[in-house]
Amino acid sequence: MSELTFSIVKPDAVERNLVGAVLAMIEAAGLTIKATKMIRMTKEQAEGFYAVHKARPFYNDLVAYMISGPVVVSVLEGDNAIARYRDLMGATNPAQAAEGTIRKKYGKNIEANACHGSDGPDTAKTEVSFFFSQLELVN
Ligand code: UDP
Ligand code: MG
């Protein structure tokens, strides 16, 4: 069944001119870009987006990193898109990510790991609507 998932090309990858390379891997994997835009998150947006991790020791650093430069947020569409994009990203820590994954290829470390992808149907829905209006998704 076709579903939507939410993706971020994170600041470390944008800074290294890897936006096109990451989006190309997404498209080559058969996922369709339904909407995309470059933004610079405010501290409040980043805190809200990662609120689930508020109690984690890495939370403050993560928020600082996510607002350190622009990011490219996208909505991806495809059969089983959520799980397929998680597979394509690879493990959170690039050092443990499998060959052929985005994080293996482009991630720098466990924090600056090049990309974000929703981890389930509920988060996908919340994350898409956090950054995109319904109008932006009509295509
Ligand atoms: N992160 C970090 N240190 C950690 C674990 C995670 O800096 O020990 C960062 C990393 O950028 C990761 C994000 O926090 O992508 C969210 O963590 P999560 O466990 O949700 O990993 P993901 O779903 O992105 O693989
Ligand atoms: Mg996660």
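Structure report, in brief. (Residues numbered from 1 in each chain as written. Chains lettered and ligands numbered in written order. Predicted model: local features only at pLDDT ≥ 70, side-chain atom pairs only at ≥ 80, totals over all residues. Heavy atoms only, no water.)

Around ligand 1, the structure places Lys10, His53, Phe58, Leu62, Arg86, Thr92, Arg103, Ile110, Glu111 and Asn113. The separation between an oxygen atom of ligand 1 and a polar side-chain atom of His53 is 3.0 Å. Within the contact set of ligand 1, an oxygen atom lies 2.9 Å away from a side-chain nitrogen or oxygen of Arg86. Summarising the interface, the protein chains cover 82% of the accessible area of ligand 1, which totals 500 Å² for the free molecule. (Near = heavy atom within 4 Å. Polar contact = N/O pair within 3.5 Å; in protein donor to acceptor, adjacent residues only side chain to side chain. Areas by Shrake-Rupley, 256 points an atom, 1.4 Å probe, with all protein chains shown as cover.)

Moving on: the side chain of Ser74. If you trace the backbone, Ser74 turns up in strand E3 (residues 71-79). Taking the relative accessible area as the measure of exposure, Ser74 reaches 0% and is therefore buried. At 2.7 Å, the side chain of Ser74 forms a polar contact with the side chain of Thr36. (Helix = DSSP H or I, 4+ residues; strand = E, 2+ residues; numbered from the N terminus. Buried < 20%, exposed > 50% of the residue type's maximum accessible area, 1.4 Å probe, protein only.)

A word on the sheet that holds E3. Within the open sheet, the four strands sit side by side as E2-E3-E1-E4. Their pairing is antiparallel. Both edges of this open sheet fall to strand E2 (32-39) and strand E4 (115-117), since each of them pairs with a single strand only. Strand-to-strand twist of the sheet, defined as the mean angle between neighbouring strand axes without regard to direction, takes the value 20°. Of the pairings in the sheet, the one linking E2 to E3 comprises seven bridges and is antiparallel in character. The partner of Ala35 across the bridge, within E3, is Val75. Across the face of the sheet, helix H2 (residues 19-28) comes into contact with strand E1 (2-9), E2 and E3 while running at roughly 160° to E1. The sheet contacts of helix H5 (residues 81-89) involve E1, E3 and E4, and relative to E1 the element is tilted by about 35°. (Pairing = 2+ DSSP bridges. Axes fitted to C-alpha atoms, helices over the stretch in contact; angles between N-to-C directions. Contact = heavy atoms within 4.5 Å.)

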